[in-house]
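Understanding the architecture of this molecule
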Amino acid sequence: MTRPDEAARAAGRSEPIRVLIVDDHALIRRSLELALAAEADIEVVGEASDGQEAVELADRLMPDVVLMDVRMPKLDGIGATRKIKESVPSTRIIMLTVSDEEEDLFEAIKAGATGYLLKDVQIDEVPDAVRGVHEGQSLINPAMAAKLISEFANMSRKEAERPPQLPVPRLTDREMEVLRLVAKGMNNREIAKDLFISENTVKNHVRNILEKLQLHSRMEAVVYAVRERLLEIT
């Protein structure tokens, strides 16, 4: 199942991206494993057929990325995501779903998922999705991002009387500009074009934002900023 580290080194990485595949259908697990096995910079370190097994494997294997089915026996994908983010917070989780139902996605993001892929996605798009989330991208389209942020903003307004529990880290004006564009569902290339800066500069700003807020994904940063009233979404 796993691939030699030498292949990843030849591709210019010191270590491959470690991936755990979670789905109760063996055929889907096999398809995903085949799609990723051909990539020198990605290593499939394990497979699970239900949420509980996924939690146990993630705790032992500490994968970089998990491909997680939403609906499974014993423990569903959302519950498993919540547990994995508690035990291995640095792991990025991509939900696998048959439809982009708003309720499922909203619950998944609240649980800590970085984004989602529809199960009818072209199989050759999966490796790029894995690389994207590993680099800090969120797999959420702009329309869905807007709905999610709007919902979190409504939740924040309901808690408006609650003072911040801890001092909120200060972001620079440029970091706030980047965060606002992230909230609109824009990727690094789009943000760079909008702000007339390089894509690498955008990546550096995103990295600084996550370090200051002690978070692991762009979407978590936006949710945090809305909740703590750093970012006003209208």
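Going by what an unreviewed UniProt entry lists, the chain is known as Two component transcriptional regulator, LuxR family and is assigned to Microbispora rosea.

Here we come to the layout of surface pockets. A volume near 240 Å³ is recorded for the second largest pocket. Lining the second largest pocket are 13 residues, and of these E135, G136, K203, R207 and L210 sit closest to its centre. The greatest single-element share of the lining of the second largest pocket, amounting to five residues, is contributed by helix 10 (residues 199-213). Here the lining of the second largest pocket is built from residues that sort into three nonpolar, four polar and six charged. When residues of the lining of the second largest pocket are assigned to domains, at least three map to each of domain 1 (15-144) and domain 2 (168-228).

On inspection of all chains with the given rule, the structure shows ten salt bridges. A salt bridge links R131 to D41, with the shortest nitrogen-to-oxygen separation between them at 2.7 Å. Separated by 90 residues along the polypeptide, R131 in helix 6 (residues 126-134) and D41 in the loop between helix 2 (26-37) and strand 2 (42-48) bring together distant segments of the chain. In terms of burial, R131 and D41 fall into one category: buried. Where salt bridges share partners, they join E39, D41, D128 and R131 into one cluster.

So, on to empty space enclosed by the protein. Under the counting rule described, the total for this entry stands at two cavities of 30 Å³ or more. Considered as a void within the structure, the second largest cavity measures approximately 40 Å³ in volume. The wall of the second largest cavity is formed by L179, V182, V206, I209, L210, R218 and A221. If you list the elements that add at least two residues to the lining of the second largest cavity, you get helix 8 (173-183), helix 10 and helix 11 (218-227). Here the element with the most residues in the lining of the second largest cavity is helix 10; it accounts for three residues.

Below, the discussion takes up the environment of M186. Its place among the elements puts M186 in the loop between helix 8 and helix 9 (188-195). By relative accessible area, which is 18% here, M186 ends up buried. Residues M186 and S138 lie 48 residues apart in sequence; the distance between their C-alpha atoms is 9.3 Å. Not counting residues within four places of it along the chain, the set of residues in contact with M186 comprises L181, I191, D194 and R218.

Attention now goes to the sheet that holds strand 5 (residues 115-118). Read from one edge of the open sheet, five strands run 2-1-3-4-5, paired in parallel fashion. Strand pairing shows two members of the sheet lacking a second neighbour, strand 2 and strand 5, which therefore form its edges. Neighbour-to-neighbour, the strand axes of the sheet open up by a mean angle of 25°, direction not taken into account. Relative to strand 2, strand 1 (residues 17-22) runs parallel, the two being bridged by six bridges. From the neighbouring strand, I17 faces strand 2, where its bridge partner is I42. Docked against the sheet, helix 2 engages strand 1, strand 2, strand 3 (65-69) and strand 4 (92-97), running at close to 165° with respect to strand 2. Where helix 3 (residues 51-61) meets the sheet, it contacts strand 1, strand 2 and strand 3, and its direction lies at approximately 140° from that of strand 2.

What counts, and where the lines are drawn
- Residues numbered from 1 in each chain as written.
- Predicted model: local features only at pLDDT ≥ 70, side-chain atom pairs only at ≥ 80, totals over all residues.
- Heavy atoms only, no water.
- 1 Å grid on protein atoms, 1.4 Å probe; cavity = no way out; pocket = protein on both sides within 12 Å on 5 of 7 lines; lining within 4 Å.
- Points joined across faces, edges and corners; volume = space filled by probe spheres on them.
- Helix = DSSP H or I, 4+ residues; strand = E, 2+ residues; numbered from the N terminus.
- Nonpolar A, V, L, I, M, F, W, Y, C, P; charged D, E, K, R; others polar.
- Domains from an automatic or database assignment.
- Salt bridge = Lys/Arg side-chain N within 4 Å of Asp/Glu carboxyl O.
- Buried < 20%, exposed > 50% of the residue type's maximum accessible area, 1.4 Å probe, protein only.
- Contact = heavy atoms within 4.5 Å.
- Pairing = 2+ DSSP bridges.
- Axes fitted to C-alpha atoms, helices over the stretch in contact; angles between N-to-C directions.

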